[in-house]
Amino acid sequence: MDIAPFSPPAACTAKQPPANAKIALKHPGYPDDNLQNIIAQFPCFDQDSTGKWGLHRGTLTTIAFILCGNRPGRLVPSNSSNAPTGDDSDDNEVLVNPSYYYIPDNWSLQIEGPYSIVRSFRDYQFPHSGLPRSWASIFPDEYNTLDFPPSQYSPAVRARDATCRVTGSGDGLEAAHIVPKAEREWFRRNTMRVYNDNQSLSPHHQLNDQRNCLLLRSDVHQVFNDRRSFVFVPKAGKIVNHFVTKTHDLGSLYHNRELGVLQVPAEFIFARLAWAIIPMSIAFTTTEGRRIKIFDAETHSYKDVTYDVPAGRYRGLPGMQSHDAREEQKSSDDVMSDSDDIENRSEAEDEEEARLNAVFHTLSPEARYNAGYYPGVLEMERLKEEYLRRHEGQLHEQEMKRHTA
């Protein structure tokens, strides 16, 4: 009996891009000093004909299109003030310059000022009739939908796909949601149900439609969801895996590999791309003075605003107010104890903290440091406020003594 030695998959020993092989997407509306105009950086997993590491033009252009709120435009090397990067019509060119500006069509810095960047996926407005040209004809016009009860979407997806759409494996399979179930409110607000097969699903179950699911091996599903490591994009007339974060071996095995037949709409795949890449710009959109796009829940409208950091506010994620800003919203006779404050937190506040925590866990260590936020920091701020309220007199007395000493 022959015993095979332990060894990693063959592709894992293949040549890997250097750790610093990245392309920076830059905003032309801000100065280049200290690299403060970098919207996001993306690992270079593609190679050109000479073996140089880079990024597929069509993919990077689509990413920039999403980040600036669905504005068509072109990529310009950062060492060029106004010249396009070669032939804009060649979406399959591999870009190898270290950084690129994204120039939206008909945009003028002098007239409009800096264009806005989408703050979070929940602030993103889906472009129903405006998907990029490379997405228009590559997905099927008809889909194979099986006749299963709505509650049986998982068996339906298993029967339809049969094997993992990424690896081709038939073991350890799970039905994966393309637009995650946690984004139910975004799905409803953007009327994404129009792409479902079953139009009678209740709002609570609309994301469980067969067309919003595909079959993945369980370990691939985990990387797909927890780390947002890869997306599906069109390249050279095929739908392929594209990795946006480094992995130990999955990137080497499956980057630029064509997927199994997809029985899902292009719109859900495009929404998934937006969900995966928008958090990568968080260090930019949480910098003071940046123009950002948000969804205003009070007016139910999308707005361009400037992200400001009032005195005492964290250099952190949107939605975090300073102690002074919160106190201005309370009258002096309406101050509650900390325990009452926790009990009376609104559902919106709980959801916002959950959103911040979810975004935090998708960031690289460097981005986590730059965000200035970590899970639990809001609770620490509340405890600090309680202490200041309880000891206000004592602290004031100590301060007076210090000044008169």
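Predicted model, so just to flag it, every value in this text is computed and none were measured. (Residues numbered from 1 in each chain as written. Predicted model: local features only at pLDDT ≥ 70, side-chain atom pairs only at ≥ 80, totals over all residues. Heavy atoms only, no water.)

1. Points about the overall build of the protein chain
When you go through the protein chain residue by residue, the secondary structure sums to 14 helices and 14 strands. Pairs at least 24 residues apart make up 66% of the contacts formed inside the protein chain by residues separated by at least 6 positions. Of the roughly 21000 Å² of accessible surface on the protein chain, 50% is carried by carbon and sulfur atoms. (Helix = DSSP H or I, 4+ residues; strand = E, 2+ residues; numbered from the N terminus. Contact = heavy atoms within 4.5 Å. Areas by Shrake-Rupley, 256 points an atom, 1.4 Å probe, with all protein chains shown as cover.)

2. Focus: the side chain of H221
Here H221 lies in helix α5 (residues 218-226). Among the polar contacts listed, one links the side chain of H221 to the side chain of E174, at a separation of 2.7 Å. Here H221 is in contact with E174, A175, A176 and L216, once residues within four sequence places are set aside. (Polar contact = N/O pair within 3.5 Å; in protein donor to acceptor, adjacent residues only side chain to side chain.)

3. Let's talk about the nonpolar core
Formed by 82 residues in total, the largest nonpolar core has its most connected members in I66, L67, Y124, W186, F232 and I278. Per-element tally for this core: the top contributor is helix α7 (residues 266-277), with ten residues. Excluding anything up to four places from it in sequence, W186 contacts F121, R122, Y124, F126, V179, M192 and A271. (Core = buried A, V, L, I, M, F, W, Y, C linked by side-chain atoms within 4.5 Å. Buried < 20%, exposed > 50% of the residue type's maximum accessible area, 1.4 Å probe, protein only.)

4. A word on helix α1 (residues 57-67)
Helical geometry note: an α-helix holds 3.6 residues per turn, so side chains three or four residues apart project in the same direction. Where burial is concerned, most of α1 is hidden: eleven out of the eleven residues are buried. Among the residues of α1, R57, G58, T59, L60, T61, T62, I63, A64, F65, I66 and L67 are the ones counted as buried.

5. Section: the confidence of the model for the protein chain
Model confidence for the protein chain is summarised by a mean pLDDT of 80, while 72% of its residues fall at 70 or above. Under a pLDDT of 50 for its full length, residues 81-86 has, in the predicted model, 15 contacts with residues more than four places off or in other chains. (pLDDT = per-residue confidence, 0-100.)

6. Some details on the sheet that holds strand β13 (residues 290-296)
The mixed open sheet is built from three strands, whose spatial order is β8-β13-β14. In the strand order of this sheet, the two ends are held by β8 (117-118) and β14 (301-307), each with one partner. As judged from the two bridges shared by β8 and β13, these two strands associate in the parallel manner. The partner of I117 across the bridge, within β13, is I292. (Pairing = 2+ DSSP bridges.)

7. Comments concerning the sheet that holds strand β6 (residues 94-95)
The antiparallel open sheet is built from three strands, whose spatial order is β3-β4-β6. The strands lining the two open edges of the sheet, one partner per strand, are β3 (46-47) and β6. Where strand β4 (residues 53-56) and β6 come together, two bridges link them in antiparallel fashion. Bridging from a neighbouring strand, H56 pairs with V94 of β6. Taken strand by strand, α1 contacts β4 and β6, and its axis lies near 60 degrees from that of β4. (Axes fitted to C-alpha atoms, helices over the stretch in contact; angles between N-to-C directions.)

8. Let's talk about unusual backbone geometry
Located in the positive-phi region is A162, a residue other than glycine, with phi close to 70 degrees. With respect to the helices, strands and loops of the structure, A162 is situated in the loop between α3 (153-161) and β9 (173-177). The partly exposed category is assigned to A162, whose relative accessible area is 47%. In the Ramachandran plot, T191 falls in the positive-phi region, its phi being about 50 degrees despite a non-glycine side chain. Considering the arrangement of structural elements, one finds T191 in the loop between α4 (184-189) and β10 (213-217). Owing to a relative accessible area of 32%, T191 belongs among the partly exposed residues under this scheme.

9. Brief notes about empty space enclosed by the protein
Applying the stated criterion across every chain yields a total of one cavity of 30 Å³ or more. Space inside the largest cavity adds up to approximately 40 Å³. Around the largest cavity, the lining residues are H56, G58, T59, T62, S134, W135, V233 and P234. Residue assignment for the lining of the largest cavity shows that the elements contributing at least two residues are α1 and β11 (230-235). Here the element with the most residues in the lining of the largest cavity is α1; it accounts for three residues. Considered class by class, the residues forming the lining of the largest cavity number three nonpolar, five polar and no charged. (1 Å grid on protein atoms, 1.4 Å probe; cavity = no way out; pocket = protein on both sides within 12 Å on 5 of 7 lines; lining within 4 Å. Points joined across faces, edges and corners; volume = space filled by probe spheres on them. Nonpolar A, V, L, I, M, F, W, Y, C, P; charged D, E, K, R; others polar.)

10. Focus on the packing of aromatic side chains
Counting across every chain of the model gives 15 aromatic pairs. For the ring pair F65 and F270, a centre distance of 6.4 Å and an interplane angle of 70 degrees mean the geometry is edge-to-face. Placement of F65 in helix α1 and of F270 in helix α7 is noted, with a sequence separation of 205 residues between them. For the pair formed by F65 and F270, the shared burial category is buried. Seen in terms of ring centroids, F126 and Y195 are 6.3 Å apart; in terms of plane orientation they differ by 65 degrees. Their pairing is edge-to-face. (Phe/Tyr/Trp six-rings, centres within 6.5 Å; stacked < 30°, edge-to-face > 60°.)

11. Remarks on the packing of α1 against α7
When two helices pack together, their arrangement is given by the angle between the helix axes and the distance between those axes. Across the interface, α1 lies against α7 with an axial gap of 10 Å and an inter-helix angle of 75 degrees. Relative to α7, α1 is oriented roughly perpendicular. Judged by residue contacts, T62, I63, F65, I66 and L67 of α1 engage F270, L273, A274 and I277 from α7. Residue composition of the contact of α1 with α7, grouped by class: eight nonpolar, one polar and no charged. (Parallel < 35°, antiparallel > 145°, perpendicular 65-115°, else oblique.)

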